[in-house]
Amino acid sequence: MRETKDDWWEVEALYDLCFAPGREALSSYRLRDGVDPVADLCFVARDEGGIIGGAIRYWPVQVGGARVLLLGPVAVHPTRQGEGLGGVLIRQSLAKAQALGWERALLVGDKPYYKRFGFLRIKGVVMPPPTNPARVLARELIAGAWDGVRGDVERLIKP
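Residues numbered from 1 in each chain as written. Predicted model: local features only at pLDDT ≥ 70, side-chain atom pairs only at ≥ 80, totals over all residues. Heavy atoms only, no water.

(A) Region of the structure containing the side chain of Arg104. Among the structural elements, Arg104 can be located in strand β4 (residues 104–108). Of the polar contacts made by the side chain of Arg104, one reaches the backbone oxygen of Arg67; its length is 2.8 Å. There is a polar contact of 3.0 Å between the side chain of Arg104 and the side chain of Glu103. Beyond its immediate stretch of four places on either side in the chain, Arg104 contacts Ala66, Arg67, Val68, Leu69, Arg139, Leu141, Ala145, Trp146 and Val149. (Helix = DSSP H or I, 4+ residues; strand = E, 2+ residues; numbered from the N terminus. Polar contact = N/O pair within 3.5 Å; in protein donor to acceptor, adjacent residues only side chain to side chain. Contact = heavy atoms within 4.5 Å.)

(B) Main features of the pattern of salt bridges. On inspection of all chains with the given rule, the structure shows eight salt bridges. Between Asp40 and Arg2 there is a salt bridge; the shortest N-O distance is 2.9 Å. Placement of the pair is Asp40 in the loop between α2 (27–32) and β1 (43–46) and Arg2 in the segment before α1 (8–18), with a sequence separation of 38 residues. A relative accessible area of 43% places Arg2 in the partly exposed class. (Salt bridge = Lys/Arg side-chain N within 4 Å of Asp/Glu carboxyl O. Buried < 20%, exposed > 50% of the residue type's maximum accessible area, 1.4 Å probe, protein only.)

(C) Seen up close, the environment of Arg91. Among the structural elements, Arg91 can be located in helix α3 (residues 85–99). A C-alpha to C-alpha distance of 20 Å links Arg91 and Pro78, two positions 13 residues apart in sequence.

(D) Structural context of the environment of Ala66. Structurally, the position occupied by Ala66 is in strand β3 (residues 66–76). Residue class for Ala66 comes out buried when judged on its relative accessible area of 16%. Sequence separation between Ala66 and Pro112 is 46 residues; the distance between their C-alpha atoms is 27 Å. Setting aside residues no more than four positions away along its own chain, Ala66 makes contact with Val61, Arg104 and Val149.

(E) View of the confidence of the model for the chain. Across the chain, the average pLDDT comes to 92, with 94% of residues at or above 70. No element of the chain has a lower mean pLDDT than α2, which averages 75, and none a higher one than strand β7 (residues 136–140), which averages 98. (pLDDT = per-residue confidence, 0-100.)

(F) Representation of the packing of aromatic side chains within the structure. A full pass over the atoms with the stated rule returns five aromatic pairs. Plain terms: the ring middles of Tyr15 and Phe19 are 6.0 Å apart, the flat faces sit at 45° to each other, and that makes the pair tilted. The class of Tyr15 is buried, set by a relative accessible area of 0%. Taken together, a centroid distance of 6.2 Å and an interplanar angle of 80° make the contact between Tyr114 and Phe119 edge-to-face. Note on accessibility: Tyr114 and Phe119 belong to one class, buried. Three or more aromatic residues joined by ring pairs form one cluster here, namely Tyr113, Tyr114, Phe117 and Phe119. One residue, Arg57, lies across the ring of Trp8, its end atom 3.7 Å from the ring centre. Between the NZ or CZ atom of Arg67 and the centre of the ring of Trp102, over which it lies, the distance is 3.9 Å. (Phe/Tyr/Trp six-rings, centres within 6.5 Å; stacked < 30°, edge-to-face > 60°. Lys NZ or Arg CZ within 6 Å of the ring centre and 35° of its normal.)

(G) Representation of the nonpolar core in the model. Residues Ile56, Tyr58, Leu69, Leu71, Ile90, Tyr114 and Phe119 are the most contacted members of the largest nonpolar core, which totals 23 residues. Among the elements that line this core, the one with the most residues is α3, at five residues. If we skip the residues at most four places from it in the chain, Tyr114 touches Val74, Ile90, Leu107, Gly109, Phe119 and Leu137. One finds Val68, Leu70, Leu106 and Val136 within the second-largest nonpolar core, a separate group that totals 16 residues. (Core = buried A, V, L, I, M, F, W, Y, C linked by side-chain atoms within 4.5 Å.)

(H) Region of the structure containing α1. For α1, the complete set of buried residues consists of Val11, Glu12, Leu14 and Tyr15. Summarising the axial view, the buried residues of α1 lie within an arc of 155°, below the 170-degree limit, and thus occupy one face. Along α1, exposed side chains directed more than 90 degrees from the buried face belong to Trp9 and Leu17. (Arc of directions from axis to C-beta.)

If you want it as structure tokens, here you go:
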């Protein structure tokens, strides 16, 4: 289900639980400062008791003047990991992004995990430091969307 404003703090608590302290010091958070997430692509998964099991958010950024979705964070509660919930959130949100007309997505993550969703290493797309370039992964939502799109990843205030 789509994340609502009432879910915000519960989702933040999930991210705090799943990620290392200081997660907001990461360079990807600088791209999110003062920018609203793409609300239509932010989802939460709850069990039948209403307990949050996972969440995913996307943020608008730009690379070389082209609109790009920055995926993340995506998190699954430790008691729900291994059930495929993260994969469901990623697949459904990427399908929705494509339906909404987004052409390309980007993330910083582990290639062995994200390649199953079509994310591959992209060269020439530079996240703010100190990001390891080997962890910058991209996916086309339409064929050829990344052709010729290179440069620094920057905030996009108005998607």
